[in-house]
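# Architecture at a glance
Residues per chain are reported as follows:
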Amino acid sequence: GSVPRLRKNGLPGRRDDDDDGSGTMAETYVFANNKGGSGKSTIAFQLAASLAKQRPKTQVLAIDLSLYSDLTTMLCGGTSRPSLLAASRGAQTALEGTSKDERVEGLLRALATGKQGGMTDEDAQVSGLFGGWNPFSPSKPRANASSGADASGEKPIDLKRFARRPVDLLEEVDKGGDVPWTLPGNLWVCCSCGELPLGPQEVPDAVRRLRAAIAALPQNWIVVIDTDHLAKAPVSELAFCSASKLVLPLSIDDNDFSRLFIDPTGNALFDVLEALEGREPGWLQAKVHKVVFNSILHYQNAPSQNDGVSLPFTPAKACIQQMKNMCDQMYSVHEADDKLVRFFSEGHKCGSVEDFRARYFSGMRKASEIVMNASKLLGCPICVLPSGPIAIDALSCNIDAKVLGALQNEVDLLTRSVFS
């Protein structure tokens, strides 16, 4: 592809041909599920990279708002550890290659205070993993969302200041490693290194500033935000109130499914969305855009239609029934008392359960353990993973070209479905 023109700050300038005519504002996606281990970060990693590869003229910015920093880790070198108690390669690369001011913690302080020039000691005072927020205590009363600094007088925060290209980070820190693949050059990450300093009382100003920052991005940017299972955390609220399309990775385990609606820790995703919606009109922005069933057993590689549920592979029969049950339970609540319909992006337009399944549901199959493991350990997304023998730290395996090809094709189809 063509090399982007650089501005003085070394970031690609806006080019006339960068605009793919997709509206006037950067598209925003948030990956969320209050069940840990549902595959949020892994799917966000695979799809963000695949999207960047599919659309070379689009700049894809991944913002990691998860305490566990899994997205950062996978994008910056992988989850592999040189020894059992060592930091993962990806976390180490992110830590060495960025300063606090360039990471999510710097971005959060800028969003909370309006100061763009880096953190002073005073700005960094909201310390603690969640900036003084305790997941086990009731929330403090918060300022009204429209309080604080006047939006009109401020220059929007430049998100590109907090974005690094994983290819550059790997080149600087790891000298690119000696690897036979390259991450797309139009993929950017705002790294998390385990600190998310944002207090509950700071959320309203931070949301206002993040919305303005997203609106100020060139329209050929797409923002993908990863969150963790604490849906009630201040950073999750920031994501839900700033991004518009919610991608919900979901296992077909009944217990995981019911956790979306009932969670003893108060983090049930739909309860949190309801509380945010009730705060004031327009406060909640994120609506469910796609539910991605994760780790589905597959029967064969061909794409399939399953009574409306369109998948990039053919699932085992038992899985089809389970997926349909979940779709249909959501649809019946959805129809019943206007309960869920408000949280789906075009809720009222679905005339039948088949329409509902077709519009909102897709899936990713349970990939070969070898391929999935290698992808995460190496920090190499499936879309650019090479076949053949691979060795890193304790991992040594051989990736079958045919298995990999089928999986790459499925990830490609899923990417088109999610980012449609």
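Bear in mind that the values here come from a model prediction, so they are computed numbers and not experimental data.

Definitions and cut-offs
- Residues numbered from 1 in each chain as written.
- Predicted model: local features only at pLDDT ≥ 70, side-chain atom pairs only at ≥ 80, totals over all residues.
- Heavy atoms only, no water.
- Salt bridge = Lys/Arg side-chain N within 4 Å of Asp/Glu carboxyl O.
- Helix = DSSP H or I, 4+ residues; strand = E, 2+ residues; numbered from the N terminus.
- Phe/Tyr/Trp six-rings, centres within 6.5 Å; stacked < 30°, edge-to-face > 60°.
- Lys NZ or Arg CZ within 6 Å of the ring centre and 35° of its normal.
- Buried < 20%, exposed > 50% of the residue type's maximum accessible area, 1.4 Å probe, protein only.
- Contact = heavy atoms within 4.5 Å.
- pLDDT = per-residue confidence, 0-100.

## Looking at the pattern of salt bridges
Inspection of the entire model under this criterion finds 13 salt bridges. A salt bridge links Asp168 to Arg165, with the nearest nitrogen and oxygen atoms 2.9 Å apart. A salt bridge links Arg279 to Glu237; the shortest N-O distance between them is 2.6 Å. Of this pair, Arg279 sits in helix α9 (residues 269-279) while Glu237 is found in helix α7 (residues 234-242), placing the two residues 42 residues apart along the sequence.

## Notes on the packing of aromatic side chains
Tallied over the entire structure, the rule returns 12 aromatic pairs. Ring centres of Tyr29 and Phe419 lie 4.7 Å apart, and the angle between their planes is 75°; this geometry places the pair in the edge-to-face category. Of this pair, Tyr29 sits in strand β1 (residues 27-31) while Phe419 sits in the segment after α13 (401-418); the two residues are 390 residues apart in sequence, bridging distant segments of the chain. Consider the rings of Tyr331 and Phe356, whose centres lie 5.2 Å apart with planes at 50°: the pair is tilted. With Tyr331 in helix α10 (residues 317-336) and Phe356 in helix α11 (residues 353-360), the pair connects residues that are 25 residues apart, well separated along the chain. Aromatic ring contacts, followed pair by pair, group Phe257, Phe261, Phe270, Phe293, Tyr331, Phe343, Phe344, Phe356, Tyr360 and Phe361 into a single cluster. The ring of Trp221 has Lys160 sitting right over it, with the charged end atom 5.8 Å from the ring centre.

## Thoughts on the environment of Leu51
Mapping Leu51 onto the fold places it in helix α1 (residues 40-54). Judged by relative accessible area, Leu51 falls into the buried class, the value being 0%. Taking the C-alpha atoms as reference points, Leu51 and Phe419, 368 residues apart in sequence, are found 7.9 Å from one another. Aside from chain neighbours lying at most four places away, what touches Leu51 is Val60, Ile222, Thr415 and Phe419.

## Topic: the confidence of the model for the chain
Caution applies to low-pLDDT regions: their predicted coordinates should not be interpreted in detail. Confidence along the chain averages 82 in pLDDT terms, with 83% of residues attaining 70 or more. Predicted confidence is poor over residues 1-22, with pLDDT under 50, and the contacts of this stretch with residues over four places away or in other chains come to 33 contacts. Here residues 132-150 scores under 50 on pLDDT; set against residues more than four positions off or in separate chains, the count is 29 contacts.

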